[in-house]
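Structural characterization, general
Here is how the chains run, residue by residue.
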Amino acid sequence: MKQEFIFIGPPGSGKGTQTKMLSAEYGFPHIDTGSLLREEVASGSEEGKLANSFMEQGQLVPIELVSKIIKNRLLKDDCKNGFILDGYPRSTEQAAALDEILKEIDKDTDTVPNVFYFEVDKTKLVERLVNRRSCSVCGAIYNLKTMNLEDETKCTKCGGKLIRREDDTEEVAEKRFTTYFNQTAPLIELYEKRGWLTKLDASLPIDTIYKNLTGAIKTHVNS
Ligand SMILES: [Zn+2]
């Protein structure tokens, strides 16, 4: 039976790690809209060219165009048994567009998507971002709070200087997350009402989250 997953969660919620684990165990392709758009542009397709014309001007790619690109991707052979959509939809407007897509691609199945929401406390997310450092040479990512570095300015892998991204300040992070939560709150509500949603406590250890996630899939499918 086909299994469709929709992963919702703010940056830093660990949703990427869980996607990779699920994708590795079950073989479902991981589709995140950012990479998908970049691939489409690189492929030189009609849609890619059009999307690029918006991106070049620093504009958002129109929702209809994104939908078309996503639909084409979901119709590919490797999505036959299922897929993981990561970072889409992000608003109720996009959810409506996705409903249309699913209606079309699932017309012969009775698949109900598993929607997972990675719940993290905003204060914790902000703290994580503010404590994030990256190596200016090899790009390794560090968290000063959890990693206990002897020298907080030096990369342990290559000796490069550790830097803090300019927009990793408390104020910017706070603003970014507020926008995110405001935008996704109605989306969470929508999927919850439909009975598609499972909330995962993303502050738990990685393996525990994964166990909760895969456990929830089974109940969902059996019910
Ligand atoms: Zn380094």
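Residues numbered from 1 in each chain as written. Predicted model: local features only at pLDDT ≥ 70, side-chain atom pairs only at ≥ 80, totals over all residues. Heavy atoms only, no water.

A short note on the sheet that holds strand 5 (residues 132-135)
In a beta sheet, neighbouring strands pair by backbone hydrogen bonds and run either parallel or antiparallel. Judged by pairing direction, the sheet is antiparallel, and its 3 strands sit side by side in the order 6-5-7 without closing on themselves. Single-partner strands in this sheet number two, and they are strand 6 (141-143) and strand 7 (162-163). Bridge count between strand 5 and strand 7: 2 bridges; the pairing is antiparallel. Across the sheet, residue cysteine 135 finds its bridge partner in strand 7, namely leucine 162. (Pairing = 2+ DSSP bridges. Helix = DSSP H or I, 4+ residues; strand = E, 2+ residues; numbered from the N terminus.)

A few points about the coordination of the zinc ion
For the zinc ion, every protein donor is listed as Cys135 (SG), Cys138 (SG), Cys155 (SG) and Cys158 (SG), and the spread of their distances is 2.3 Å. Geometry at the zinc ion is tetrahedral, judged from the 4 donor atoms that bind it and their angles of 101 to 116 degrees at the metal. One chain supplies every donor to the zinc ion, and in sequence these donors are spaced C-x2-C-x16-C-x2-C. A residue pair is termed long-range when its members are at least 10 positions apart, and cysteine 138 in the loop between strand 5 and strand 6 and cysteine 158 in the loop between helix 7 (144-147) and strand 7 qualify at 20 residues. A relative accessible area of 40% means that cysteine 158 is categorised as partly exposed. (Donors = N, O, S within 2.8 Å, 3.2 Å for Na, K, Ca; no water. Tetrahedral: all angles 85-135°; square planar, octahedral: opposite > 155°, others 65-115°. Buried < 20%, exposed > 50% of the residue type's maximum accessible area, 1.4 Å probe, protein only.)

Comments concerning the nonpolar core
Grouped together as the largest cluster of nonpolar side chains are 52 residues, with contacts concentrated most on Ile8, Phe116 and Tyr191. With 7 residues, helix 8 (residues 170-194) is the largest single contributor of residues to this core. (Core = buried A, V, L, I, M, F, W, Y, C linked by side-chain atoms within 4.5 Å.)

Topic: the sheet that holds strand 1 (residues 3-8)
With parallel pairing, 5 strands are arranged side by side in an open sheet as 2-3-1-4-8. Because the sheet does not close on itself, it has two edges, and the strands there are strand 2 (30-32) and strand 8 (197-201). On average, each strand axis in the sheet is inclined to that of its neighbour by 25 degrees, with strand direction left out of account. Here 5 bridges tie strand 4 (residues 114-119) to strand 8, and the two strands are oriented parallel to one another. Residue pairing for strand 8: phenylalanine 118 is matched across the bridge by leucine 200. Taken strand by strand, helix 8 contacts strand 1, strand 4 and strand 8, and its axis lies near 150 degrees from that of strand 1. (Axes fitted to C-alpha atoms, helices over the stretch in contact; angles between N-to-C directions. Contact = heavy atoms within 4.5 Å.)

Some details on helix 6 (residues 122-130)
For helix 6, the complete set of buried residues consists of Leu125, Val126, Leu129 and Val130. The arc that holds every buried residue of helix 6, seen down its axis, measures 130 degrees, which confines them to one face. Contacts from the buried residues of helix 6 go to strand 5 and helix 8. (Arc of directions from axis to C-beta.)

So, the pattern of salt bridges
With the rule as written, the count across this model stands at 14 salt bridges. We note a salt bridge from aspartate 106 to lysine 2, for which the minimum N-O separation is 3.1 Å. Of the two residues, aspartate 106 sits in the loop between helix 5 (92-105) and strand 4 while lysine 2 sits in the segment before strand 1, which places them 104 residues apart along the sequence. Taking relative accessible area as the criterion, aspartate 106 reaches 8% and is therefore assigned buried. We note a salt bridge from glutamate 127 to lysine 145, for which the minimum N-O separation is 3.6 Å. (Salt bridge = Lys/Arg side-chain N within 4 Å of Asp/Glu carboxyl O.)

Observations regarding the confidence of the model for the chain
For residues with low pLDDT, the predicted coordinates do not support detailed interpretation. For the chain, per-residue confidence averages 90 on the pLDDT scale, and 97% of positions sit at 70 or higher. In the model of the chain, helix 9 (residues 206-222) stands out as the element of lowest mean pLDDT, 81, in contrast to strand 8, which has the highest, 96. (pLDDT = per-residue confidence, 0-100.)

Remarks on the packing of helix 6 against helix 8
With their axes 9 Å apart at the nearest point, helix 6 and helix 8 run at an angle of 140 degrees to one another. Relative to helix 8, the element helix 6 lies oblique. Like other packed secondary-structure pairs, helix 6 and helix 8 cross with a definite hand, here right-handed. On helix 8, the residues touching Lys122, Leu125, Val126, Leu129 and Val130 of helix 6 are Glu170, Ala173, Glu174, Arg176, Phe177, Thr178 and Phe181. (Parallel < 35°, antiparallel > 145°, perpendicular 65-115°, else oblique. Left-handed = near helix turned anticlockwise from the far one by under 90°.)

Some points on the side chain of glutamine 18
Residue position: glutamine 18 is located in helix 1 (residues 15-26). Judged by relative accessible area, which is 1%, glutamine 18 ranks as buried. If we skip the residues at most four places from it in the chain, glutamine 18 touches Phe7, Phe118, Ile206, Ile209, Tyr210 and Leu213.

Some words on the packing of helix 4 (residues 63-74) against helix 5
Where helix 4 meets helix 5, the axes come as close as 10 Å, and the angle between the chain directions of the two elements is 35 degrees. As for the relative orientation of helix 4 and helix 5, their crossing is right-handed in sense. In contact with Ile63, Ser67, Ile70, Lys71 and Leu74 of helix 4, helix 5 contributes Glu93, Gln94, Ala97, Ile101, Glu104 and Ile105. Classifying every residue of the contact of helix 4 with helix 5 by side-chain character gives 6 nonpolar, 2 polar and 3 charged. (Nonpolar A, V, L, I, M, F, W, Y, C, P; charged D, E, K, R; others polar.)

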